[in-house]
Amino acid sequence: MKTRRGTVIGLAGAGAALAAGALWRFTDVIVKHYPPTPYDDVLARLQDRAQAIRLGKAALHGLPGFTPAAAAASLRAAFGAGGLSVAATIDAVNGNLAEAGGWVLPQSVVLLSALAARVSG
Amino acid sequence: MSALIDARTLPAGTVLTPDIAVIGGGPAGISLALALADSRLDVVLLESGGLRFDPKIQNMYRGDQEGVSYVALDGGRLRYLGGSTNHWGGWCRPLDGIDFEARDWFAHSGWPFALSEIQPYFARAQALCEAGPWLYDDADGAATDQGRALPLARGGVYTSWFQFSKTRGDVLPTHFGTRYEQDLRRAAHVSPYVHANVTALALAPDAGRIDRLEARTLSGNRFTVRPHIVVLAAGAMENARLLLASNDVMAAGVGNQNDLVGRFFADHPIPRNTATLVLFDGQLPAIYGGANVTLANGAILRAALSPRPEFMRKHGVAGSLTTIEDPAALDETGTAAVITAAEALGVDARNAKAFSLGCGLELTPDPERRLTLTGERDALGLPRLKLAMRVADADFANYRLTLVELGRQLLAAKTGMLRLNLKSRQEWLAGMDWGNHHLGTTRMSADPKSGVVDADSKVHGIANLYVAGSSVFPTYGSSNPTLNLVALTLRLADHLKKVAA
């Protein structure tokens, strides 16, 4: 009896875990999934990609010649070994700024957000 | 103690013969009369109004205007004892050294002397404005218990300071008429007249000096003043008006031989909500807030943000004073910008708060921003004024450069970030207010071809006519003018004592 109850609980737990995994992996209910792109190494720097896409949509209005490949190349060069935090700080210190929806931002942040927005469709 | 003399009670045909006649009882006229009180010079102070607002007297200020929307000509100034200090906000700040320089990127700029020329008079001017101990840009250390200045990365913008005038107790700020009426009465050699309207500066036939002043009251009285020296201290609009209207000997008006009187009018535009400031930690130091900070020593302070002289030179921008105003809400894009930027910079923005920014701007001197006479006349027969108001797009563009630099310094210090809210000319003008700081219509220059008065505030070509007040400012700075015009007037008083001696 005891063994049977344990089996049921175990199966239920496994099922719940599988369901949660499926929800996480195959739907956007828990985590938003984005289709793979050639720029995922760059986009992986974003902690909140949904917010970056919102910002990026505004940024693209001021970037008429924007191309994802060029932006990604520029960002890879800017990130170097330091990543986004260092690149954004250096941009601010050096005055490499751009506007997105009126916001004065480090150029790397604007490019990264614009890239996220463009590849999000 | 003498009384204020009501000109309506003077016997017909009265002729006054003082050493000095001061036209206008605002901050310049009152400061000048009081500064001359310790001399043996007989001074007559001629104030058009009485001791309180009278719509019939105020009506003489009405005029026409064209161009950029501006305050009605009878709306931004007051015509009774104390002048426009009867409605000023009490904001005080000395001009900066760069304000006096001829700036090669700023047409028609430059005073005929440096800031050091009026610095000796600031302490007395500060006392007359009752603005407390002199702190200004040394206030950062004095106000530490009220919060430190916002951390900004090294750069072109710094925290600057206003101080505020006060009278007694909680009455704020100093109304020069109310505050100094008794001092004027007590001054042995000063005769203050009210309801005394000067209607003409009558030149001698050789046009080299003022022979007499023709004066009238609204009740119909007429009298004459024959002073040795005349000082026009009626504000930038009325100074120009009286010079232009006194055209019986010089057809273009007194002192207007080079067509400069009334030109270069200026004010400080105060566009609202120019930018949105976000502080990542949400903590706005009280020193920047709308409620001014009062120190134990009586100084009333408010911090602002100004461009450094070296930034102004490098980027060709004008003066400005940016103030932090009200809490603001962020839209969806703004929220996204704050979250994304903060994450990128590695700062915690969970408590971030937004605030709107305001500012006072310095305008580029413009000869076509000018006052002229119209065919319409006031109750005493003086032609009314027409103002052609202009603001150059470059003035807005320049200020945006200062805001971008402030945004950069906020980001680099990981303190916060900035949104530029205004782009088109229409957007700038839609939220535009004005300081009611009338400036520049009798500008100062050593060269008669580029100024109405010389470095001593004497009208070029007229031996005994001087001008006091902010109408002589050839370049304006962004600081509020009252403290500065009082200091400049005290300097004029010293000069007049020497001349009269």
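It should be noted that the structure appears before, not after, this text.
What counts as what
Residues numbered from 1 in each chain as written. Chains lettered and ligands numbered in written order. Predicted model: local features only at pLDDT ≥ 70, side-chain atom pairs only at ≥ 80, totals over all residues. Helix = DSSP H or I, 4+ residues; strand = E, 2+ residues; numbered from the N terminus. Expected span 1.5 Å × (residues − 1). Buried ≥ 20, exposed ≤ 12 C-beta atoms within 10 Å, placed from the backbone. Core = buried A, V, L, I, M, F, W, Y, C linked by C-beta atoms within 7 Å. Contact = placed C-beta atoms within 7 Å. Axes fitted to C-alpha atoms, helices over the stretch in contact; angles between N-to-C directions. Parallel < 35°, antiparallel > 145°, perpendicular 65-115°, else oblique. Nonpolar A, V, L, I, M, F, W, Y, C, P; charged D, E, K, R; others polar. Pairing = 2+ DSSP bridges. Left-handed = near helix turned anticlockwise from the far one by under 90°.

Asker: Give me helix α8 (residues 332–345) of chain B: which residues, what numbers.
Answerer: All names here are of chain B. The end-to-end C-alpha distance of α8 is 20 Å, a good match for the 20 Å that 14 residues give at a rise of 1.5 Å each. Among the 14 residues of α8, 11 are classified as buried, and the element is accordingly described as predominantly covered. Residues of α8 that are buried include every one of Gly 334, Ala 336, Ala 337, Val 338, Ile 339, Thr 340, Ala 341, Ala 342, Glu 343, Ala 344 and Leu 345, and no others. Of the residues flanking the end of α8, it is Gly 346, one or two places downstream, whose phi is positive at about 75°.

Asker: Got a sec to walk through the nonpolar core? Specific residues and values, please.
Answerer: Grouped together as the largest cluster of nonpolar side chains are 181 residues, with contacts concentrated most on Val 22, Leu 32, Ala 33 and Val 231 of chain B. If near-sequence neighbours (up to four positions away) are discounted, Val 231 of chain B is found in contact with Ile 20, Val 22, Ile 23, Leu 32, Tyr 466 and Ala 468 of chain B.

Asker: Go over unusual backbone geometry with me, naming the residues and quoting the values.
Answerer: Residue and element names in this part refer to chain B. The backbone of Phe 264 shows a phi angle near 65°, a positive value even though the residue is not glycine. The residue Phe 264 is located in the loop between α6 (235–245) and β13 (269–271) in this model. For Asn 436, which is not glycine, the phi torsion reads 55° and is therefore positive. Relative to the elements of secondary structure, Asn 436 occurs in the loop between β22 (432–434) and β23 (465–467).

Asker: Outline α6 of chain B, listing residues and values.
Answerer: Residue and element names in this part refer to chain B. The buried count for α6 comes to 11 of 11 residues, which makes it a mostly enclosed element. Where α6 is concerned, the buried positions are Gly 235, Ala 236, Met 237, Glu 238, Asn 239, Ala 240, Arg 241, Leu 242, Leu 243, Leu 244 and Ala 245. For α6, the secondary structure elements touched by its buried residues are β9 (197–203), β12 (229–232), β19 (370–377), β20 (383–389) and β23.

Asker: Describe in detail the environment of Ala 58 of chain A, supporting the description with residues and values.
Answerer: By secondary structure assignment, the location of Ala 58 of chain A is in helix α3 (residues 49–60). A count of 22 C-beta atoms within 10 Å places Ala 58 of chain A in the buried class. In this view, Ala 58 of chain A contacts Ala 100 and Gly 101 of chain A together with Thr 333 of chain B; residues no more than four positions away in its chain are not counted.

Asker: Pulling in residues and values, what's your account of the packing of helix α5 (residues 83–94) of chain A against helix α6 (residues 107–119) of chain A?
Answerer: Residues and elements named next belong to chain A. The interhelical angle for the contact between α5 and α6, taken along N-to-C directions, is 125°, at an axis separation of 7 Å. Judged by the angle between their axes, α5 and α6 are oblique. The segment α5 lies against α6, with Leu 84, Ala 87, Ala 88 and Asp 91 engaging Gln 107, Ser 108, Val 109 and Leu 112. Class assignment of the residues belonging to the contact of α5 with α6 gives a composition of five nonpolar, two polar and one charged.

Asker: Mind laying out the sheet that holds strand β3 (residues 20–23) of chain B, listing which residues take part and the relevant values?
Answerer: All names here are of chain B. The strand order across the open sheet formed by six strands is β1-β8-β4-β3-β12-β23, and the pairing between neighbours is parallel. Edge strands, defined here as strands with exactly one partner in the open sheet, are β1 (5–6) and β23. One ladder, built from four bridges, connects β3 with β12; its direction is parallel. If you follow Ala 21 over to β12, its bridge partner there is Val 230.

Asker: Before we move on, can you summarise the interface of chain B and chain A with the specific residues and values?
Answerer: Contacts between the two partners involve 22 residues from chain B, matched on the other side by 25 residues from chain A. Elements that contribute at least two residues to the side of chain B that touches chain A include exactly α8, α9 (393–412) and β21 (416–420) of chain B. Here the side of chain B that touches chain A takes 10 residues from α8 of chain B, the largest share from any one element. Tallied by class, the residues present in the side of chain B that touches chain A amount to 13 nonpolar, five polar and four charged. Bridge analysis of strand β2 (residues 103–106) of chain A against β21 of chain B gives two bridges, and the strand direction is antiparallel. The partner of Trp 103 of chain A across the bridge, within β21 of chain B, is Arg 419 of chain B.

Asker: Could you give me a rundown of the packing of α5 of chain A against α9 of chain B, with the residues and numbers involved?
Answerer: Packing of α5 of chain A against α9 of chain B brings their axes to within 8 Å, and their N-to-C directions diverge by 145°. The interaxial crossing formed by α5 of chain A with α9 of chain B has left-handed handedness. Between α5 of chain A and α9 of chain B, the contacting residues are Thr 89, Ala 92 and Val 93 of chain A on the first element and Arg 408, Leu 411 and Ala 412 of chain B on the second. For the contact of α5 of chain A with α9 of chain B, the residue count by class is four nonpolar, one polar and one charged.

Asker: Explain the sheet that holds β20 of chain B residue by residue, including any values.
Answerer: All names here are of chain B. Read across the sheet, three strands follow the order β5-β20-β19 without closing on themselves; strand pairing throughout is mixed. The sheet is open, and its two edges are formed by β5 (63–67) and β19, each paired on a single side. Geometrically, the sheet is characterised by an average inter-axis angle of 25° between neighbouring strands, direction not taken into account. When β5 meets β20, the two strands line up parallel, connected through five bridges. Its bridge partner lying in β20, Asp 64 is registered against Lys 386.

Asker: Lay out the pairing of β12 of chain B with the relevant residues and their values.
Answerer: All names here are of chain B. Burial of the side chains of β12 extends over both faces: Ile 229 and Val 231 are buried on one face and Val 230 and Leu 232 on the other. Where β12 lies against β23, three bridges are found, and the strand directions are parallel. Bridge pairing in β23 places Val 230 opposite Leu 465.

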